[in-house]
Amino acid sequence: MSECALVTGASGGIGLALAECFARDGIAPVLVARNAERLAAESARLSATYRVDAQFVALDLGELGAAERLAGELESRALEVGWLVNNAGFATYGQFAETSLDDERQELLLNVVTLTELTKLLVRGMLERKRGRIMNVASTAAFQPGPLMAVYFASKAYVLSFSEALGEELSGTGVSVTCLCPGATESGFQERAQMGGVPLFAGRKLPTSQSVARSGYRAMRAGKRLVIPGALNAFGAFALRAAPRGAVLKMSRRLLERG
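Since this is a predicted model, take the numbers as computed values, not measurements.

1. Some remarks on the sheet that holds strand S7 (residues 226-227)
Turning to step 1, where the next piece is worked out: The seven strands lie next to each other as S3-S2-S1-S4-S5-S6-S7, forming an open sheet whose pairing is parallel. Two strands lie at the open edges of the sheet, namely strand S3 (55-58) and S7, each paired on one side alone.
Turning to step 2, where the next piece is worked out: One ladder, built from six bridges, connects strand S5 (residues 132-137) with strand S6 (residues 175-180); its direction is parallel. Within S6, the position partnered with Met135 by the bridge is Thr178.
Turning to step 3, where the next piece is worked out: Contacts from helix H4 (residues 101-129) reach strand S1 (2-8), strand S4 (79-86), S5 and S6 within the one sheet, and its direction differs from that of S4 by about 135°.

Given below as structure tokens:
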């Protein structure tokens, strides 16, 4: 068996930047996303640049049973996952009563169900080997409710809670869980969610996917439970826990509502 780092949502943004962090350190990444052409190009680039055997699996993780299909593919290639990064996810934007049920069903499958199932399927091998690192990518959205992005914010609250609880369960086993909670980041996230003109992003110089990925990667290697890149993001996330809930809701809506 050959050890690898499995990174979902790795065709661009934070996921691809994390795959590059592994490759740079000589750890062979396996990139997973839907876009086969993009994955083929990026895995070839990483292989040539860093002299690692970067591979890819083109798969829609927003479908039922995707985690089991992915685990089966890894087994067929004799790949042993020593590093798991659950990064794949997307957001829907708008009034909950008006947004697409199909889109939100896929959002929950990708952000919550596949993440949970893939972790379940791969953590057992890590425990048998008494070593492994897991990173689940949440968001600063995990620390508050998000009117106009109700399902997305709730899904990231799940990821944070799940990661912290699992990390405690695994204490002393040689396997750690890190939850990466970035704030607004320069990536394709806003475009996919159709969030042009939203105050949270408009007119701001956002941190790059690469800088966020480096913060998460360092924390994962160190076995840290939680990392929130950016001092202001970290302060804001913890301040929200002490703030009156009604005020948090109003503030969150103002940041997400177009003028």
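2. Overview of the pairing of S4
Turning to step 1, where the next piece is worked out: Buried residues dominate S4, accounting for eight of its eight residues.
Turning to step 2, where the next piece is worked out: Both S1 and S4 contribute to a ladder of six bridges, which runs parallel. Each residue of the ladder has a partner; that of Ser2, found in S4, is Leu79.
Turning to step 3, where the next piece is worked out: Strand direction decides the pairing type here: S4 and S5, joined by four bridges, are parallel. Note on S5: the bridge partner recorded for Asn86 is Asn136.

3. Things to note about the packing of helix H3 (residues 66-76) against H4
Turning to step 1, where the next piece is worked out: Two elements in contact, H3 and H4, have axes separated by 8 Å at closest approach and are oriented at 35°. Handedness of the H3/H4 crossing: right-handed. Across the interface between the two elements, Ala67, Glu68, Leu70 and Ala71 from H3 touch Thr114, Glu117, Leu118 and Leu121 from H4.
Turning to step 2, where the next piece is worked out: Taken together, the residues of the contact of H3 with H4 break down into five nonpolar, one polar and two charged.

4. A look at the layout of surface pockets
Turning to step 1, where the next piece is worked out: By volume, the second largest pocket is sized at about 260 Å³.
Turning to step 2, where the next piece is worked out: Forming the boundary of the second largest pocket are Met1, Ala71, Leu74, Glu75, Leu79, Glu80, Val81, Leu121, Leu122, Gly125, Glu128 and Arg129.
Turning to step 3, where the next piece is worked out: At the level of secondary structure, the elements contributing two or more residues to the lining of the second largest pocket comprise H3, S4 and H4.
Turning to step 4, where the next piece is worked out: Of all the elements, H4 adds the most residues to the lining of the second largest pocket, at five residues.
Turning to step 5, where the next piece is worked out: Each residue belonging to the lining of the second largest pocket can be placed in one class, and the counts come to seven nonpolar, one polar and four charged.

5. Regarding helix H2 (residues 36-50)
Because each turn of an α-helix spans 3.6 residues, side chains separated by three or four positions in sequence point in the same direction.
Turning to step 1, where the next piece is worked out: Relative to the 21 Å expected for 15 residues at 1.5 Å per residue, H2 spans 21 Å between its end C-alpha atoms, a close match to the ideal helical length.
Turning to step 2, where the next piece is worked out: Along H2, the residues classified as buried are Leu39, Glu42, Ser43 and Leu46. Considered in projection along H2, the buried side chains sweep an arc of 100° and stay on one side of the axis. Away from its buried face by more than 90 degrees, H2 exposes Glu37 and Ala48.
Turning to step 3, where the next piece is worked out: Looking at the buried positions of H2, the neighbouring elements they touch are helix H1 (13-24), strand S2 (29-33) and S3.
Turning to step 4, where the next piece is worked out: One or two steps after H2, the chain reaches Arg51, where phi turns positive at roughly 55°.

6. Remarks on empty space enclosed by the protein
Turning to step 1, where the next piece is worked out: Following the criterion strictly, the structure yields two cavities of 30 Å³ or more and no others.
Turning to step 2, where the next piece is worked out: Volume-wise, the largest cavity comes out at about 60 Å³.
Turning to step 3, where the next piece is worked out: Lining of the largest cavity is provided by Thr8, Leu61, Asn86, Asn87, Ala88, Leu110, Thr114, Leu115 and Leu118.
Turning to step 4, where the next piece is worked out: A per-element tally of the lining of the largest cavity places H4 first, with four residues.

7. Brief notes about a positive patch on the surface
Turning to step 1, where the next piece is worked out: Positive charge collects at one region of the surface, where Arg24, Arg214, Arg218 and Lys224 lie side by side.
Turning to step 2, where the next piece is worked out: Within the fold, Arg218 resides in helix H7 (residues 209-222).
Turning to step 3, where the next piece is worked out: By relative accessible area, which is 53% here, Arg218 ends up exposed.

8. Considering the pattern of salt bridges
Turning to step 1, where the next piece is worked out: Counted under the stated rule, the structure contains 11 salt bridges.
Turning to step 2, where the next piece is worked out: Taking the shortest distance from any N to any O, the salt bridge between Arg131 and Glu3 comes out at 3.5 Å. One end of the pair, Arg131, is in the loop between H4 and S5; the other, Glu3, is in strand S1, with 128 residues separating them in the sequence.
Turning to step 3, where the next piece is worked out: Its relative accessible area of 34% is what places Glu3 among the partly exposed residues.
Turning to step 4, where the next piece is worked out: Among the ionic pairs, Arg77 bridges to Glu73, the shortest N-O distance being 2.7 Å.
Turning to step 5, where the next piece is worked out: Counted as one network, the salt bridges with shared partners bring together Glu3, Glu80, Arg129 and Arg131.

About the criteria used
- Residues numbered from 1 in each chain as written.
- Predicted model: local features only at pLDDT ≥ 70, side-chain atom pairs only at ≥ 80, totals over all residues.
- Heavy atoms only, no water.
- Pairing = 2+ DSSP bridges.
- Helix = DSSP H or I, 4+ residues; strand = E, 2+ residues; numbered from the N terminus.
- Contact = heavy atoms within 4.5 Å.
- Axes fitted to C-alpha atoms, helices over the stretch in contact; angles between N-to-C directions.
- Buried < 20%, exposed > 50% of the residue type's maximum accessible area, 1.4 Å probe, protein only.
- Left-handed = near helix turned anticlockwise from the far one by under 90°.
- Nonpolar A, V, L, I, M, F, W, Y, C, P; charged D, E, K, R; others polar.
- 1 Å grid on protein atoms, 1.4 Å probe; cavity = no way out; pocket = protein on both sides within 12 Å on 5 of 7 lines; lining within 4 Å.
- Points joined across faces, edges and corners; volume = space filled by probe spheres on them.
- Expected span 1.5 Å × (residues − 1).
- Arc of directions from axis to C-beta.
- Patch = residues over 30% accessible without salt bridge, like charges linked within 9 Å, V, L, I, M, F, W, Y side chains within 5 Å.
- Areas by Shrake-Rupley, 256 points an atom, 1.4 Å probe, with all protein chains shown as cover.
- Salt bridge = Lys/Arg side-chain N within 4 Å of Asp/Glu carboxyl O.
- Lys, Arg positive; Asp, Glu negative; His and termini not counted.
- Charge placed at Lys NZ, Arg CZ, Asp CG, Glu CD.

So yeah, pure geometry; function would need other evidence.
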